[in-house]
Amino acid sequence: MKSTLKILAILSLVFIISCAEKVKKEVEKMEETAMEAEVTPKYDTSDPQSILKAIEYAHGGWNDLWKKKDVQYTYNYYSTDADKTDLSTERYIFKNEASFGHYTQHEINVMPEVDGVITHSFDGVNTAVHIEGEKTEDAQGNAVGDFIRRANYFWFVMPYKLNDKGTITTYIGQEELNGIAYDKLHVTYDPELTGKEQNDIYILYVNPATKLIDRFYFSLPFMGVNEPIIIADYEYEDIDGQMIATKRNYFMPSSDGYAEAPNLIQTLTDISFNNGFTLETIAIMPE
């Protein structure tokens with residue numbers, strides 16, 4: 001019996017040592033990967049994917065954002081043409097792409113004909129729209145809510161989403177704008193992977209010095225805009241190591257071309273990461 005116990009003890013010790021070695025190797029592997037991730041990626045116009053990776057790195061990196069777990073900010077979506085605003089508290093969880101919007105003002109896209117606070121809750125699969133706490137079955141309101149939940153999350157993590165699986169990227173030369181020779185990328189997605197007849201299209205203007213996207217043209221198939229004709233100009237702030245586009249100016253084409261002043265101005269303020277949101281708590285607002 002003692003001999004058996006001794007053998008078991010030795011085997012247990014061997015198992016523990018083996019596990020410790022395995023854990024040590026895994027930690028070393030993670031540290032090695034992290035160190036590799038810190039190396040500045042190349043920026044090569046003959047390799048468009050390298051530019052997308054350089055963009056990710058310049059924005060702070062997806063790994064860094066993932067570690068921040070979630071975000072909350074105040075989102076002011078202002079139409080200069082109509083002098084109207086959609087004002088919301090936005091919350092996202094990066095792990096499952098859950099998205100929540102709490103609208104105290106909704107005069108443009110979010111059920112402008114309805115009074116009261118409106119909320120959109122997307123759990124990564126389904127979206128629910130509530131008016132003053134009551135779930136609505138309004139088909140258009142739900143469809144718009146679902147689109148906005150996914151779109152707002154996408155715009156926030158756009159520098160990392162551009163390199164998703166199925167991305168088709170082409171370098172299309174340089175163009176000078178405001179004294180900067182921007183590198184231009186045409187980005188769209190493989191329809192066989194997305195399952196969409198009409199995929200989003202982006203023409204990115206990448207600043208070769210900062211590796212940030214200062215301007216881009218884009219399509220909006222959901223709204224019937226199938227060509228990249230909407231202009232977005234971005235201004236960034238460093239928020240806890242992430243370069244966030246806190247001011248976004250949008251220009252819509254008309255028969256006279258583009259106006260000098262933007263048609264839409266979007267601002268992001270009071271940005272905070274690591275708020276501890278879960279699917280159960282993301283929609284709970286303070287009293």
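Up top you'll find the structure we're talking about.
Keep in mind the model is a prediction, meaning the values are calculated, not measured.

Criteria and cut-off values
- Residues numbered from 1 in each chain as written.
- Predicted model: local features only at pLDDT ≥ 70, side-chain atom pairs only at ≥ 80, totals over all residues.
- Heavy atoms only, no water.
- Helix = DSSP H or I, 4+ residues; strand = E, 2+ residues; numbered from the N terminus.
- Expected span 1.5 Å × (residues − 1).
- Buried < 20%, exposed > 50% of the residue type's maximum accessible area, 1.4 Å probe, protein only.
- Polar contact = N/O pair within 3.5 Å; in protein donor to acceptor, adjacent residues only side chain to side chain.
- Core = buried A, V, L, I, M, F, W, Y, C linked by side-chain atoms within 4.5 Å.
- Contact = heavy atoms within 4.5 Å.
- Salt bridge = Lys/Arg side-chain N within 4 Å of Asp/Glu carboxyl O.
- Pairing = 2+ DSSP bridges.
- Phe/Tyr/Trp six-rings, centres within 6.5 Å; stacked < 30°, edge-to-face > 60°.
- Lys NZ or Arg CZ within 6 Å of the ring centre and 35° of its normal.

Attention shifts here to helix 4 (residues 139-156). Over its 18 residues, helix 4 extends 26 Å from the first C-alpha to the last, a length consistent with the 26 Å expected when each residue adds 1.5 Å. Buried within helix 4 we find Gly-141, Val-144, Gly-145, Ile-148, Arg-149, Ala-151, Asn-152, Tyr-153, Phe-154, Trp-155 and Phe-156. Put simply, Asp-138 is the residue that caps the front of helix 4, since its side-chain oxygen is 3.4 Å from the backbone nitrogen of Gln-140.

Looking now at the nonpolar core. Membership of the largest hydrophobic core comes to 41 residues, with the highest contact counts inside it found for Trp-155, Phe-156, Leu-162, Tyr-202, Leu-204, Phe-216 and Phe-273. Filtering out sequence-adjacent residues up to four positions away, Trp-155 remains in contact with Tyr-202, Phe-216, Phe-218, Tyr-234 and Arg-248.

Quick look at the pattern of salt bridges now. For the coordinates displayed, the defined rule picks out 9 salt bridges. Across the pair Lys-42 and Asp-47 runs a salt bridge, and its minimum N-O distance is 3.7 Å. Across the pair Lys-161 and Asp-164 runs a salt bridge whose closest N-O atoms are separated by 3.6 Å. In this structure Asp-164 comes out as partly exposed when scored by relative accessible area, which is 32%. Each member of the salt-bridge network shares a partner with another, and the members are Asp-64, Lys-68 and Asp-240.

The subject of this paragraph is the environment of Thr-281. The topology assignment puts Thr-281 in the segment after strand 13 (264-273). Owing to a relative accessible area of 30%, Thr-281 belongs among the partly exposed residues under this scheme. In this view, Thr-281 contacts Arg-91 and Gly-276; residues no more than four positions away in its chain are not counted. Within polar-contact distance, the side chain of Thr-281 engages the backbone nitrogen of Thr-278 at 2.9 Å.

This paragraph deals with the pairing of strand 8 (residues 180-189). Counting buried positions over the 10 residues of strand 8 gives 7, a clear majority of the element. Pairing geometry for strand 7 (residues 167-177) and strand 8, over 9 bridges, is antiparallel. Within strand 8, the position partnered with Thr-170 by the bridge is His-186. The turn joining strand 7 and strand 8, which pair antiparallel and follow one another in sequence, is formed by 2 residues; a positive phi near 55 degrees is taken by Asn-178.

Turning to the packing of aromatic side chains, a few remarks are in order. In this description, a pair of aromatic rings is defined by centroid distance and the angle of the planes. By the definition in use, this model includes 23 aromatic pairs. Look at Phe-154 and Trp-155: their rings are 5.4 Å apart centre to centre, the planes differ by 70 degrees, and that puts the pair in the edge-to-face class. Like Trp-155, Phe-154 is buried. Here the aromatic rings of Phe-154 and Tyr-202 are separated by 6.0 Å at their centres, their planes lie at 20 degrees, and the arrangement is stacked. Taken together, the positions of Phe-154 in helix 4 and Tyr-202 in strand 9 (residues 202-206) put the pair 48 residues apart, joining distant regions of the chain. What links up through ring pairs into an aromatic cluster is the set Trp-62, Trp-66, Tyr-73, Tyr-75, Tyr-77, Tyr-92, Phe-94, Tyr-153, Phe-156 and Tyr-160. A cation over an aromatic ring shows up here: Lys-68 above the ring of Phe-273, its NZ or CZ 5.7 Å from the ring centre. For Lys-211, the ring lying beneath its charged end belongs to Tyr-43, and the centroid distance is 5.0 Å.

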